[in-house]
Amino acid sequence: MYYLEETRPQRPLMPQDVLKRAKVREICEVVASGVQPLQNLIVLIHVGEEKKKEWAQHWITRGFRAIEKLLSTSAGKFCVGDEITLADCCLVPQVFNARRFHVDLRPYPIILRIDRELEGHPAFRAAHPSNQPDCPPEAAK
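Since the structure is predicted, the reported quantities are computational estimates derived from the model, not experimental observations. (Residues numbered from 1 in each chain as written. Predicted model: local features only at pLDDT ≥ 70, side-chain atom pairs only at ≥ 80, totals over all residues. Heavy atoms only, no water.)

A count of helical and extended segments in the chain gives seven helices and zero strands. In sequence order, the chain lays out its α and β elements as α-α-α-α-α-α-α. For the chain, the C-alpha radius of gyration of 15 Å lies close to 14 Å, the compact-globule estimate for 141 residues. Here the C-alpha coordinates of the chain stretch approximately 45 × 35 × 25 Å along the principal axes. Taking all 141 residues of the chain together, 38% fall into the buried category. (Helix = DSSP H or I, 4+ residues; strand = E, 2+ residues; numbered from the N terminus. Rg over C-alpha atoms; globule rule 2.2 N^0.38 Å. Buried < 20%, exposed > 50% of the residue type's maximum accessible area, 1.4 Å probe, protein only.)

Here the focus is the nonpolar core. Core analysis: the largest hydrophobic core is formed by 34 residues, its most contacted members being Ile60, Phe64, Leu71, Cys79, Leu91, Leu105 and Ile111. The leading source of residues in this core is helix H5 (residues 86–100), at seven residues. In this structure Ile111 touches Phe64, Ile67, Glu68, Leu71, Leu91 and Val95, once residues within four positions along its chain are discounted. (Core = buried A, V, L, I, M, F, W, Y, C linked by side-chain atoms within 4.5 Å. Contact = heavy atoms within 4.5 Å.)

Although it is not a glycine, His102 adopts a positive phi angle of roughly 60°. The topology assignment puts His102 in the loop between H5 and helix H6 (109–119). Judged by its relative accessible area of 56%, His102 is exposed.

Under the definition given, this model contains two aromatic pairs. For the pair Phe64 and Tyr108, a centre-to-centre distance of 5.6 Å together with 85° between the ring planes defines the contact as edge-to-face. Taken together, the residues Phe64 in helix H4 (residues 52–74) and Tyr108 in the loop between H5 and H6 connect sequence positions 44 residues apart. Here Phe64 and Tyr108 have matching classes, each one buried. (Phe/Tyr/Trp six-rings, centres within 6.5 Å; stacked < 30°, edge-to-face > 60°.)

This next bit is on the environment of Thr85. Structurally, Thr85 is set in the loop between H4 and H5. For Thr85 and Met14, which are 71 residues apart along the polypeptide, the C-alpha to C-alpha distance reads 5.5 Å. Residues contacting Thr85, with those up to four places away along its chain left out, are Leu13, Pro15, Val24 and Val80.

Helix-helix packing is characterised by the crossing angle of the two axes and by the distance between the axes. Contact pair H5 / H6: the axes reach a minimum separation of 10 Å and the direction vectors enclose 105°. If you check the angle between H5 and H6, you find them roughly perpendicular. In contact with Asp88, Leu91, Val92, Val95 and Arg99 of H5, H6 contributes Ile111, Leu112, Ile114, Asp115 and Leu118. Among the residues forming the contact of H5 with H6, the class breakdown is seven nonpolar, no polar and three charged. (Axes fitted to C-alpha atoms, helices over the stretch in contact; angles between N-to-C directions. Parallel < 35°, antiparallel > 145°, perpendicular 65-115°, else oblique. Nonpolar A, V, L, I, M, F, W, Y, C, P; charged D, E, K, R; others polar.)

Following this line, the structure appears as C-alpha cells:
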C-alpha cells in the first residue's frame, strides 16, 4: 500500500494533515497486525476445520471493537474524514471476511456505514473478490 502511495502521487490515499495520516496508519495497523494475519489460510488450517469459524469470529470481533472506537473520533464519510484513504482499503476486505465467517456486524454501525458507502465505488467494486479472475464460481456473488 505504501508503494502505491509513493509511486502514484496523483491519487493519494494518505491525507496531507499529519494527524489524519497518523490516524490512517493506526487503523491500518489494527487490521494488519491484529485482525487479518489471524485469518490467513495457514493459521486456519492449524486451528482446524471445527474451530476456524469460532477463531475467526473471535479475532474479527476483537479487532472491530477497536476499529469502531477509533472510527468514532475519526470518521466522516469514510474512515478518516471525507476522502478515501488506506484505512478504507484495509477495512473493506475485513468486512467481507466478517460476513464470510458470520460475524454479527450490528454492534459496528460506523464500520457498516463506511462499507455501504464504499461498496458502490468503482475501485472497490473492481477489487471485490467475486470480480477477480481466480474467484471460484461457488464464491462469486
